[in-house]
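Given next are the chains, with one letter for each unit.
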Amino acid sequence: MKVALLDHNQIMTDVALHLAVTPDLQEADTLLYWQDIYGTMNIDIKNANEEGKKTFVFEHGINSYRDYTPPYNHELIANKILLMGEVGKEALMKSGIAEDRLIVVGSTLYDRLPKRVEHDKKTILFAPIHWNGDIEENKEVAEKLREIAAKHGFKVITKVMED
């Protein structure tokens with residue numbers, strides 16, 4: 001099996017080591033992409049489906065399965081979606097996607113997570129949803145969390161972009 005793979009957020013980096021990855025879409029019999037909604041990825045998956053190839057997308061970040069649920073309601077074009085957990089599976093089933101198109105595989109990132117570091121403070125992790133840029137509300141929430149943390153001796157970790 002030859003796989004055309006388009007990764008995002010390094011979700012499939014380790015998995016790719018165990019696949020026969022090819023950059024040639026004609027040579028591939030399977031497409032494994034991080035999304036099927038926009039641009040050339042949408043077109044590639046539609047074409048591969050018409051050619052009878054196997055097509056998969058994968059949950060490429062926290063709650064990214066929500067692309068296929070309200071209010072977005074994008075159509076799942078790929079044959080199947082690989083999900084990190086049951087929460088995503090249940091949400092997609094409620095949105096009308098057949099269970100046989102949903103595969104819970106867990107996270108591929110556990111081996112890449114940093115080792116736990118002992119600390120003496122409570123830590124708040126703020127992981128907001130973002131698109132191509134930050135959302136103003138995310139900055140406001142991050143700032144409010146920093147204020148609360150400073151007042152109570154907590155630490156805040158976030159990936160919110162600053163101006």
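Computed from a predicted structure; not experimentally measured.

1. What about helix 2 (residues 39-50)?
Part 1 of the reasoning: Given a rise of 1.5 Å per residue, twelve residues ought to cover 16 Å, and the 17 Å separating the end C-alpha atoms of helix 2 matches this to within 8%.
Part 2 of the reasoning: Within helix 2 the residues assigned to the buried category are M41, N42, D44, I45 and A48. Take helix 2 and look down its axis: the buried residues cluster within an arc of 165°, on one side only. Summarising the geometry of helix 2, the exposed residues directed more than 90 degrees from the buried face are T40 and E50.
Part 3 of the reasoning: Where helix 2 is buried, its residues meet strand 1 (2-6), strand 3 (30-33) and strand 4 (54-58).
Part 4 of the reasoning: Just beyond helix 2, the residue with positive phi is G52, at close to 80°.

2. A closer look at the side chain of S64
Part 1 of the reasoning: Secondary-structure assignment places S64 in the loop between strand 4 and strand 5 (80-83).
Part 2 of the reasoning: Take S64: its relative accessible area is 12%, and that puts it in the buried class.
Part 3 of the reasoning: Reaching out from S64, the side chain makes a polar contact with the backbone nitrogen of H60 at a distance of 3.0 Å.

3. Examining empty space enclosed by the protein
Part 1 of the reasoning: Enumeration according to the criterion identifies one cavity of 30 Å³ or more in this entry.
Part 2 of the reasoning: If you trace the largest cavity, you find it lined by W34, Q35, V57, F58, E59, H60, S64, D67, Y68 and I81.
Part 3 of the reasoning: A breakdown of the residues in the lining of the largest cavity according to their chemical character gives five nonpolar, three polar and two charged.

Conventions and cut-offs
Residues numbered from 1 in each chain as written. Predicted model: local features only at pLDDT ≥ 70, side-chain atom pairs only at ≥ 80, totals over all residues. Heavy atoms only, no water. Helix = DSSP H or I, 4+ residues; strand = E, 2+ residues; numbered from the N terminus. Expected span 1.5 Å × (residues − 1). Buried < 20%, exposed > 50% of the residue type's maximum accessible area, 1.4 Å probe, protein only. Arc of directions from axis to C-beta. Contact = heavy atoms within 4.5 Å. Polar contact = N/O pair within 3.5 Å; in protein donor to acceptor, adjacent residues only side chain to side chain. 1 Å grid on protein atoms, 1.4 Å probe; cavity = no way out; pocket = protein on both sides within 12 Å on 5 of 7 lines; lining within 4 Å. Points joined across faces, edges and corners; volume = space filled by probe spheres on them. Nonpolar A, V, L, I, M, F, W, Y, C, P; charged D, E, K, R; others polar.

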